[in-house]
Amino acid sequence: MSGYVKDVTPTEVNEMVKQNKSISVVDVRGPEEVAGGKIPGAYNLPVNELQSRMDELDKDTEHIIVCQSGGRSSMASMVLKSNGYKVLNMTGGMLQWSGDTE
């Protein structure tokens, strides 16, 4: 069960953002995708750099992992979880995101 990553919907994430919950959103898309708009305050950590840069993330914080459609974030979530991070995978990715972007 340790490999199981909990999913969270874009609507749930948007509610957390609106309530100014101190959440960590990690966007694992490439810089060119992120340039088209990301969740406000999201930290860009491209999935292909995850292995070498995951130490930039705080292990005591719960991170919401986001990508374009949910595939890469699911993979990234499993990698982070297996390395001791607390993560939630945002299903549907930015394609399903209806909240504000920056």
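Higher on the page you've got the structure.
Residues numbered from 1 in each chain as written. Predicted model: local features only at pLDDT ≥ 70, side-chain atom pairs only at ≥ 80, totals over all residues. Heavy atoms only, no water.

## Concerning the overall build of the chain
Thought 1: For the chain, the count of helices and strands is four helices and five strands.
Thought 2: For the chain, the succession of helices and strands along the chain, N to C, is β-α-β-α-β-α-β-α-β.
Thought 3: Radius of gyration (C-alpha) of the chain: 12 Å, near the 13 Å computed for a compact globule of 102 residues.
Thought 4: Taken along the three principal axes of its C-alpha coordinates, the chain extends 30 × 25 × 20 Å.
Thought 5: When contacts within the chain are restricted to residue pairs at least 6 apart in sequence, long-range pairs at least 24 apart make up 65% of them.
Thought 6: Accessible surface, the chain as shown: approximately 5600 Å² in total, 49% of it carbon and sulfur. (Helix = DSSP H or I, 4+ residues; strand = E, 2+ residues; numbered from the N terminus. Rg over C-alpha atoms; globule rule 2.2 N^0.38 Å. Contact = heavy atoms within 4.5 Å. Areas by Shrake-Rupley, 256 points an atom, 1.4 Å probe, with all protein chains shown as cover.)

## Observations regarding the pairing of strand β4 (residues 62-66)
Thought 1: Burial runs high along β4: four of the five residues are buried.
Thought 2: The sheet contact formed by strand β2 (residues 24-27) and β4 spans four bridges and is parallel. Within β4, the position partnered with Asp 27 by the bridge is Val 66.
Thought 3: Looking at chain direction, β4 and strand β5 (residues 86-90) are connected through four bridges and run parallel. Bridge pairing in β5 places Ile 65 opposite Asn 89.
Thought 4: Crossover handedness for the path β4 to helix α4 (residues 71-82) to β5: right-handed. (Buried < 20%, exposed > 50% of the residue type's maximum accessible area, 1.4 Å probe, protein only. Pairing = 2+ DSSP bridges. Right-handed = clockwise from strand over helix to strand, strands pointing away.)

## Describing the packing of aromatic side chains
Thought 1: Counted under the stated rule, the structure contains zero aromatic pairs.
Thought 2: Residue placement shows Lys 59 over the ring face of Tyr 85; its charged tip is 5.2 Å from the ring centre. (Phe/Tyr/Trp six-rings, centres within 6.5 Å; stacked < 30°, edge-to-face > 60°. Lys NZ or Arg CZ within 6 Å of the ring centre and 35° of its normal.)

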